[in-house]
Amino acid sequence: AIKMYQGCLRKFYYNCDAQVMLYIARAYYDWDKLLECKRTLLRALHLNPTDRRLRFNIALAMQEFAYRTLQRQTSSATKRYADVVTAVEELRL
């Protein structure tokens, strides 16, 4: 679905449609690619800065990424610390 949406965005909307980008971000979210989801939503927000749905979805993706990172079980203490730092950094916009 992501490739289809990207092709549609490129071919018909010249990479400038926030609604199609929202669909792409949703597909990334469903595939657990939360950083790609956030990146796509930030691009859409750049095109349409007053859209509150985009801001909400960015916050949701960032929160979910941080939650999943902190819930991940790791064996090494340094790896765990690096994961926590990454999760905290991703919560910043």
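Anything mentioned here points back to the structure above.
We now turn to the structure provided with this report. (Residues numbered from 1 in each chain as written. Predicted model: local features only at pLDDT ≥ 70, side-chain atom pairs only at ≥ 80, totals over all residues. Heavy atoms only, no water.)

## Here's the deal with the side chain of T40
So, step 1. You can see T40 is positioned in helix α3 (residues 34-47).
So, step 2. There is a polar contact of 2.9 Å between the side chain of T40 and the backbone oxygen of E36.
So, step 3. Excluding its chain neighbours within four sequence positions, the residues that come into contact with T40 are M21, I24, A25 and Y28. (Helix = DSSP H or I, 4+ residues; strand = E, 2+ residues; numbered from the N terminus. Polar contact = N/O pair within 3.5 Å; in protein donor to acceptor, adjacent residues only side chain to side chain. Contact = heavy atoms within 4.5 Å.)

## Remarks on the nonpolar core
So, step 1. In terms of nonpolar packing, the biggest core is built from 18 residues, with I24, C37, L41 and L54 touching the most fellow members.
So, step 2. Of all elements in the fold, only α1 (2-13), α2 (18-30), α3 and α4 (52-71) reach the threshold of two or more residues within this core.
So, step 3. A per-element tally of this core places α2 first, with eight residues.
So, step 4. Leave out the neighbours within four places in its chain, and I24 touches I2, Y5, Q6, L9 and T40. (Core = buried A, V, L, I, M, F, W, Y, C linked by side-chain atoms within 4.5 Å. Buried < 20%, exposed > 50% of the residue type's maximum accessible area, 1.4 Å probe, protein only.)

## Here we look at the packing of aromatic side chains
So, step 1. Within this structure, the stated rule accounts for one aromatic pair.
So, step 2. Aromatic pair Y5 and Y23: ring centres 5.7 Å apart, planes at 35 degrees, arrangement tilted. With Y5 in helix α1 and Y23 in helix α2, the pair connects residues that are 18 residues apart, well separated along the chain.
So, step 3. The class of Y5 is partly exposed, set by a relative accessible area of 27%.
So, step 4. Among the residues examined, Y23 registers a relative accessible area of 39% and is labelled partly exposed. (Phe/Tyr/Trp six-rings, centres within 6.5 Å; stacked < 30°, edge-to-face > 60°.)

## Considerations on unusual backbone geometry
So, step 1. Despite not being glycine, Y14 shows a phi value in the positive range, around 55 degrees.
So, step 2. Along the chain, Y14 turns up in the loop between α1 and α2.
So, step 3. According to the relative accessible area criterion, Y14 is exposed, its value standing at 66%.

## Section: the environment of A25
So, step 1. For A25, the location among the structural elements is in helix α2.
So, step 2. A25 sits 36 residues away from A61 along the chain, and the two C-alpha atoms are 9.3 Å apart.
So, step 3. Excluding its chain neighbours within four sequence positions, the residues that come into contact with A25 are C37, T40 and L41.

## What to know about the layout of surface pockets
So, step 1. Here the largest pocket is characterised by a volume of approximately 150 Å³.
So, step 2. Forming the walls of the largest pocket are L22, A25, R26, Y29, C37, L41, N57, L60 and A61.
So, step 3. At four residues, the largest contribution of residues to the lining of the largest pocket is made by α2.
So, step 4. Its residues assigned to classes, the lining of the largest pocket comprises seven nonpolar, one polar and one charged. (1 Å grid on protein atoms, 1.4 Å probe; cavity = no way out; pocket = protein on both sides within 12 Å on 5 of 7 lines; lining within 4 Å. Points joined across faces, edges and corners; volume = space filled by probe spheres on them. Nonpolar A, V, L, I, M, F, W, Y, C, P; charged D, E, K, R; others polar.)

What is shown is where atoms sit, not what they do.
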